[in-house]
Structures are given as C-alpha cells and as structure tokens.
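Geometric and topological summary
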Amino acid sequence: MTERARVIHNPTPVVTAALGRTMAAASIIGSALKKSGASLTVRINGGGPVGNIIVVSDDMGNVRGFVQNPTADAPKTTAGKLNVGGVVGTDGTLSVIKDFGEKEPYSGSTRLVSGEIAEDFTAYFAESEQIPSACAFGVLIDRDWSVLAAGGYIVQLLPGAPEGLIDAVEQNVEKTGAVTEILRSGNADALLKTVMAGLSPRVIERLNVEYKCTCTRERFLTAVLSLDKSELDDMRRKGEPVEVCCQFCESVFVYDISELLKNS
Ligand code: ZN
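Residues numbered from 1 in each chain as written. Predicted model: local features only at pLDDT ≥ 70, side-chain atom pairs only at ≥ 80, totals over all residues. Heavy atoms only, no water.

Looking now at the coordination of the zinc ion. In this structure, Cys-213 (SG), Cys-215 (SG), Cys-246 (SG) and Cys-249 (SG) serve as the protein donors to the zinc ion, at separations of 2.2 to 2.3 Å. For the zinc ion, the four donor atoms in the first shell make angles of 101 to 115° at the metal, so the coordination geometry reads as tetrahedral. For the zinc ion, the donor residues sit on a single chain with the sequence spacing C-x1-C-x30-C-x2-C. For Cys-213, a relative accessible area of 25% gives the class partly exposed. (Donors = N, O, S within 2.8 Å, 3.2 Å for Na, K, Ca; no water. Tetrahedral: all angles 85-135°; square planar, octahedral: opposite > 155°, others 65-115°. Buried < 20%, exposed > 50% of the residue type's maximum accessible area, 1.4 Å probe, protein only.)

Take a negative patch on the surface next. A contiguous patch of negative charge, built from Glu-163, Asp-167, Glu-170 and Glu-174, is present on the exposed surface. Tracing the backbone shows Glu-174 in helix α5 (residues 165-176). You can call Glu-174 exposed: its relative accessible area is 68%. (Patch = residues over 30% accessible without salt bridge, like charges linked within 9 Å, V, L, I, M, F, W, Y side chains within 5 Å. Areas by Shrake-Rupley, 256 points an atom, 1.4 Å probe, with all protein chains shown as cover. Salt bridge = Lys/Arg side-chain N within 4 Å of Asp/Glu carboxyl O. Lys, Arg positive; Asp, Glu negative; His and termini not counted. Charge placed at Lys NZ, Arg CZ, Asp CG, Glu CD. Helix = DSSP H or I, 4+ residues; strand = E, 2+ residues; numbered from the N terminus.)

Another point: the side chain of Thr-12. Secondary-structure assignment places Thr-12 in the loop between α1 (2-9) and α2 (13-31). Among the polar contacts made by the side chain of Thr-12, one reaches the main-chain carbonyl oxygen of Ala-72 at a distance of 2.6 Å. For Thr-12, the contacting residues outside a window of four places in its chain are Pro-70, Thr-71, Ala-72, Asp-73 and Trp-145. (Polar contact = N/O pair within 3.5 Å; in protein donor to acceptor, adjacent residues only side chain to side chain. Contact = heavy atoms within 4.5 Å.)

In this section: the pattern of salt bridges. Evaluation of the coordinates by the stated rule reveals ten salt bridges. For Arg-236, the salt bridge identified is with Asp-233, shortest N-O distance 3.9 Å. With a gap of three residues between them, Arg-236 and Asp-233 both fall in helix α9 (residues 229-238), about one helical turn apart. Note on Asp-233: relative accessible area 25%, which makes it partly exposed. Put simply, Asp-234 and Arg-237 hold a salt bridge, and the shortest N to O gap is 3.2 Å. With Asp-234 and Arg-237 both in helix α9, this residue pair falls three residues apart, about one helical turn. On the basis of relative accessible area, Asp-234 is assigned to the partly exposed category, the value being 30%. Residues joined by salt bridges that share partners form a network here, namely Lys-229, Asp-233 and Arg-236.

Counting 59 residues, the largest nonpolar core has Val-42, Ile-44, Val-50, Ile-53, Val-88, Phe-121 and Phe-137 as its most contacted members. Among the elements that line this core, the one with the most residues is α2, at ten residues. A domain-level breakdown of this core finds at least three residues from each of domain 1 (2-195) and domain 2 (217-263). Those residues in contact with Val-42, other than ones at most four positions away along the chain, are Thr-22, Ala-26, Ile-53, Ile-54, Val-55, Leu-94, Ser-95, Val-96 and Phe-121. Counting twelve residues, the second largest nonpolar core, distinct from the first, contains Ala-134, Ala-149, Tyr-153 and Val-155. (Core = buried A, V, L, I, M, F, W, Y, C linked by side-chain atoms within 4.5 Å. Domains from an automatic or database assignment.)

The next thing to look at is the packing of aromatic side chains. Taken as a whole and assessed by the stated rule, the structure comprises four aromatic pairs. Here Phe-66 and Phe-248 contribute two aromatic rings whose centre-to-centre distance is 5.1 Å and whose plane-to-plane angle is 75°, an arrangement assigned as edge-to-face. One end of the pair, Phe-66, is in strand β3 (residues 63-67); the other, Phe-248, is in the loop between β8 (242-245) and β9 (252-255), and 182 residues separate them in sequence. The pair Phe-66 / Phe-248 is uniform in exposure class, with both members buried. In this structure, Arg-64 packs its charged tip against the face of Phe-248, placed 5.2 Å from the ring centre. (Phe/Tyr/Trp six-rings, centres within 6.5 Å; stacked < 30°, edge-to-face > 60°. Lys NZ or Arg CZ within 6 Å of the ring centre and 35° of its normal.)

Set out below in structure tokens:
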C-alpha cells in the first residue's frame, strides 16, 4: 500500500515516511468505522515544508493519499532517523473527518504535538475522542527509496477497562520499540504478539488492504462542469482540451470542448 503511494507520488524518503505513517493510521481507523460506504479523511498540516498531508480511507481500510510537496526534505535526526517531524512541522493541526453518509460528518481536530504522526494521533484520540490510546506507525525505506516495510498499531481501552491496563500496554509498547524492525522480519501477527503480550489477544478479523483510488472519468467531468460559467465559456472560446489530474493517483483525464458542450 505504501510502496504504491511512493510509486505514484515519487516523494523523498522522509515524505514517504510521513505519508506512510498517516496512511497506516487512516487505514486502521477507517477499517473500524463499521459501516459500509463510510469514509475517513485525515488532514495534517504542521506548517512544515511538506505542507498538507491528505489521506482518505474506506470502511475496509483501503486508502488513497497525497502530500502538497512530495520533494520536501529535512536533515536526518541526530540518531540517524528520518526526520518526519522536521518536514511536517508542529505549528498546525491534525483533523479527522468521519463520513457515515448520513447527516453531518463527524469531525475532530487537535494541535500537532511533534509532527511525528503517532504522537499526534495519540493526542487526537485523548483530546477529541476521549479514548486513552497507544499508537505507533513506521515506514522502513530501502537505499533505492522503495518501501521495505510499513505499518503500525493503535491500542485503545474500551470503556470500563481497568485503570492498570494502560500501564501494561505502555510497558509492552516500550518493549516493542520500532514497529518497522518487527514488520521487516515478521508481520502484523508478530507485532500483535509483542504489543499485546500477556493480554491474551484474539484475532477477530483480517482484512487485506490496498492503495485504492475512486476517481472516474465521469466524476471529474461533473467537477469540470460545476466550474464557474465564465470559466467554462473561457474554455470553450479557447477550444483547447481540458486536462484534469487526480491528486490521489495521478490519472489524467482529458475532455474535449465538444464533450463539454454536449453534456452541459
Ligand atoms: Zn484517482
């Protein structure tokens, strides 16, 4: 999923990490919406060089996403890690919109903590949804900038869970360390085993997730036709083909003027 995003957008490694971590979070939260046709949109902007990060997940955890500046970069941290916080910044917000296709969508937003994504989601859950959570997301990148491993976890306490439980989870989180190291040699089950050690985890559902765009030629035509009348008239006068590019998958749709005239 993350490698597909990288191939589409061709970002720097640190931007791949920022986008990949956000995609992992959106996929996990999206897959928990539990309503067919529901969608989740995450928007992060911390005022850093990467600008907006936008990720959308469906209710099955399939995601699509893009960043404003794929070529943004930041020097590695002193520990030699990709400096995700450095490209994302901390002067801004993390917003989550849950659209269940009925009434107003639910939306919540919190100030960014570190721009490292996981800490920011932990803060979002605590402040916006009042759910104590432990989050970790990671992307491991190869020398040729391809994605070797990506993923993460969100552990949340159900209402009425004993007070001490979060401490047990936090100790496990501490022991687990970087998720990418576990995902590289193992898989999601290996991650589950360490994060939920001693808590008798039971797998209740498995989902195969992928990078999935929902754009269609018809959908973009509707968008083109909803432009201002003066803009449309301008296009007609010029007589040039109208080109629309999908930000999520970089598909290009070309419409000729006669097609526009025919449908408007
Ligand atoms: Zn698309």
